[in-house]
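Chain and residue survey
The residues making up each chain are set out below.
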Amino acid sequence: MKQIYTSFVLGLLFFLVPHSLYGLDVSGAVTTNTTWGPEQVNVTDNVTISASVTIAAGTRIVVADQTMITVTSAGSIQASGTSGSGIVFTAENPAIGWRGIFFDSGTGDDPSSSFEYTTFEYGNADAPINDFDPPERQGGAVFLKYHSNVSFFNCIFENNLAASYGGAINSSNSQLLLENCTFKSNQAGGYDGGGAVHIMESGGYELRIENCQFYNNSAYTGAAVLAEYAGGLTVSGSVFANNESDFGSAIVIAQSSSNDISFVSNTFANNLTHSLQGSAINILSYVENMLFVNNIFHNNRNGVDNLSNVIFDNEPLMPVFQNCFIEGGLVSVSGLPASYTWTEMEDGDPAFVSASSDVGLAA
């Protein structure tokens, strides 16, 4: 009798345990605070989040073909992965991909969303050109539109694609913070740009890319990052290697405001731009305060064989280069104004260990 009673209690406990512990199918509207995971979550159709969704460490989220997760101005996601138990957003069918996470127009004081130790892979925003709705063609894994308080820490973005802008992330008039993230093999198609990240308008928000790595990303313009009207952008402690484009093999700054743009303690190596007018960093617009400190530029090529590190298409106001290692020195930096700062600079071979064998995607 005792054995029968014990079995009954155990069975009852099984049914009382939250379903999310054993796997969950989700679709439609999420209007109450909920938790996804830690077992697999299957997103079977489009989801709209207007409440708080907490994603447990170790959760694998498998999204159906071309299905989108939309977060409204009332919603948020807290993806709390750990170094030993990460979270993964992936596609049910990698050949078709999922449509990514769309943070829809916010109020400017939106609930904070944060992703830690989260992998985004096989996002694919490639709707036909006659279906030109931005979320359908921009931001393969994430699209931010007039949305504040979204940050990414220790995340991986790999094998994501957008038909136009932002192979991994497209940020429009939004706050964007990337810290200790890796972007690998992401692509923006067509004649647009931002193979890994596209920033359109800073919207007065802080924009930071800190201690990130960008490898083997590609686009027509800005294989790693294309920033347009992105005043107040700081890129620091990051590595850009073997990215490839027609213009700006690592970064393109276009139509910038006059606010500060700073590059501090970064490495740019083995990036390739096909155009003879291209470079590792292309500055296409006037920037009032341009700062380069403690950066390394090595073996960045345009037209395959020509060394080219930085190009200013519009002369900045007294740019500052300080304590940088730039292969080729001033010869590899073009478009400088008559007045600039060039102090404690070095030229030569940085003697990298186990460097890529060649430039661009082929290596």
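Presented here is an overview of the structure given in this document. Only a predicted model underlies this, so the values are computations on that prediction, with no experimental measurement involved.

Rules used throughout
Residues numbered from 1 in each chain as written. Predicted model: local features only at pLDDT ≥ 70, side-chain atom pairs only at ≥ 80, totals over all residues. Heavy atoms only, no water. Helix = DSSP H or I, 4+ residues; strand = E, 2+ residues; numbered from the N terminus. Rg over C-alpha atoms; globule rule 2.2 N^0.38 Å. Buried < 20%, exposed > 50% of the residue type's maximum accessible area, 1.4 Å probe, protein only. Contact = heavy atoms within 4.5 Å. Lys, Arg positive; Asp, Glu negative; His and termini not counted. Charge placed at Lys NZ, Arg CZ, Asp CG, Glu CD. Pairing = 2+ DSSP bridges. Axes fitted to C-alpha atoms, helices over the stretch in contact; angles between N-to-C directions. Core = buried A, V, L, I, M, F, W, Y, C linked by side-chain atoms within 4.5 Å. Phe/Tyr/Trp six-rings, centres within 6.5 Å; stacked < 30°, edge-to-face > 60°.

For the rest of this paragraph, the subject is the overall build of the protein chain. A tally of regular secondary structure across the protein chain gives two helices and 42 strands. Taken against the 2.2 N^0.38 rule, which gives 21 Å for 363 residues, the C-alpha radius of gyration of the protein chain at 22 Å falls within 12% of a compact globule. Out of the 363 residues in the protein chain, the part that is buried amounts to 51%. Put simply, 71% of the contacts in the protein chain that link residues at least 6 apart link residues at least 24 apart. Across the protein chain, the centroid of the 8 positively charged side chains sits 11 Å from that of the 34 negatively charged ones.

Before going further, it helps to spend a moment on the sheet that holds strand E39 (residues 320-322). Spatially, twelve strands are ordered E2-E4-E7-E10-E14-E18-E22-E26-E30-E34-E39-E42 in an open sheet, and the strand pairing comes out parallel. Looking at strand neighbours, the two that pair on one side only are strand E2 (34-36) and strand E42 (341-343), the edges of this open sheet. Adjacent strand axes in the sheet meet at a mean angle of 10 degrees, parallel and antiparallel pairs treated alike. In the sheet, strand E7 (residues 76-80) pairs with strand E10 (residues 113-116) via three bridges, with the strands oriented parallel. Paired with Gln78 across the two strands is Ser114, which belongs to E10.

Within the largest apolar cluster, 71 residues are counted, with the highest numbers of intra-cluster contacts made by Phe115 and Phe152. A total of four residues in this core trace back to one element, the largest contributor, which is strand E3 (residues 41-49).

This part takes up the packing of aromatic side chains. Scanning the model with the defined rule gives 23 aromatic pairs in all. Arranged with centres 4.8 Å apart and planes meeting at 5 degrees, the rings of Phe183 and Phe214 form a pair that is stacked. Of this pair, Phe183 sits in strand E19 (residues 182-184) while Phe214 is found in strand E23 (residues 213-215), placing the two residues 31 residues apart along the sequence. Per residue, the accessibility class of Phe183 equals that of Phe214, and both read buried. For the ring pair Phe321 and Trp342, a centre distance of 5.2 Å and an interplane angle of 45 degrees mean the geometry is tilted. Taken together, the positions of Phe321 in strand E39 and Trp342 in strand E42 put the pair 21 residues apart, joining distant regions of the chain. For Phe321, a relative accessible area of 0% translates into the label buried.

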